[in-house]
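What the coordinates show
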Amino acid sequence: MKISSAAKAVVAGLAAGATAAATAVQDGAFTTGEAVTAVLAVLSALGITYAVPNRQPDSVTPGRGL
């Protein structure tokens, strides 16, 4: 199954943003600093995931050894 780099990046960004936002609202308030942290987490996850290339399939059949 092929998944594009952009699709993986969007999912990673959503996961990072959701995690940062969920952690930030634990005390009942969402401050400016927490918002900046959440935005930076989303942008970082998007950029890093998009920049790392997909792994090329091995020429060896999985489970068959070298």
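The rules behind each value
- Residues numbered from 1 in each chain as written.
- Predicted model: local features only at pLDDT ≥ 70, side-chain atom pairs only at ≥ 80, totals over all residues.
- Heavy atoms only, no water.
- Helix = DSSP H or I, 4+ residues; strand = E, 2+ residues; numbered from the N terminus.
- Buried < 20%, exposed > 50% of the residue type's maximum accessible area, 1.4 Å probe, protein only.
- Areas by Shrake-Rupley, 256 points an atom, 1.4 Å probe, with all protein chains shown as cover.
- Axes fitted to C-alpha atoms, helices over the stretch in contact; angles between N-to-C directions.
- Parallel < 35°, antiparallel > 145°, perpendicular 65-115°, else oblique.
- Left-handed = near helix turned anticlockwise from the far one by under 90°.
- Contact = heavy atoms within 4.5 Å.
- Nonpolar A, V, L, I, M, F, W, Y, C, P; charged D, E, K, R; others polar.
- Polar contact = N/O pair within 3.5 Å; in protein donor to acceptor, adjacent residues only side chain to side chain.
- Patch = residues over 30% accessible without salt bridge, like charges linked within 9 Å, V, L, I, M, F, W, Y side chains within 5 Å.
- Salt bridge = Lys/Arg side-chain N within 4 Å of Asp/Glu carboxyl O.
- Expected span 1.5 Å × (residues − 1).
- Arc of directions from axis to C-beta.

1. Thoughts on the overall build of the protein
Per the secondary structure count, the protein includes two helices and zero strands. Put simply, the protein has 66 residues, and 12% of those count as buried. Of the roughly 5,200 Å² of accessible surface on the protein, 67% is carried by carbon and sulfur atoms.

2. So, the packing of helix α1 (residues 5-24) against helix α2 (residues 32-51)
Following both chains from N to C, one finds α1 and α2 inclined at 160 degrees, their axes separated by 8 Å at the closest point. As judged from the angle between their axes, α1 and α2 are roughly antiparallel. For the pair α1 and α2, the sense of crossing is right-handed. Facing α1, whose interface residues are Ser 5, Ala 6, Lys 8, Ala 9, Val 10, Ala 12, Gly 13, Ala 16, Gly 17, Ala 20 and Ala 24, α2 presents Glu 34, Ala 38, Ala 41, Val 42, Ala 45, Leu 46, Thr 49 and Tyr 50. Taken together, the residues of the contact of α1 with α2 break down into 13 nonpolar, four polar and two charged.

3. Topic: the environment of Ser 44
Relative to the helices and strands, Ser 44 resides in helix α2. C-alpha separation for the pair Ser 44 and Ala 12, spaced 32 residues apart in sequence, amounts to 9.4 Å. Looking at Ser 44, its side chain comes within polar contact range of the main-chain oxygen of Leu 40, at 2.7 Å.

4. Some details on a nonpolar patch on the surface
Where nonpolar side chains cluster on the molecular surface, the patch consists of Val 36, Val 39, Leu 40 and Leu 43 and spans about 360 Å² of accessible area. With respect to the helices and strands, the residue Leu 43 is situated in helix α2.

5. Notes on α1
The end-to-end C-alpha separation of α1 is 28 Å, in line with the 28 Å expected for 20 residues at 1.5 Å each. Ala 9, Gly 13, Ala 16, Gly 17, Ala 20 and Ala 24 are the residues of α1 that are buried. Seen end-on, α1 carries its buried residues on one side only, within an arc spanning 100 degrees. Opposite the packed face of α1, turned more than 90 degrees from it, sit the exposed residues Val 11, Leu 14 and Thr 19. Residues of α1 that are buried in the fold lie against α2.

So, to be careful, I would describe these as geometric facts and stop short of saying anything about function.
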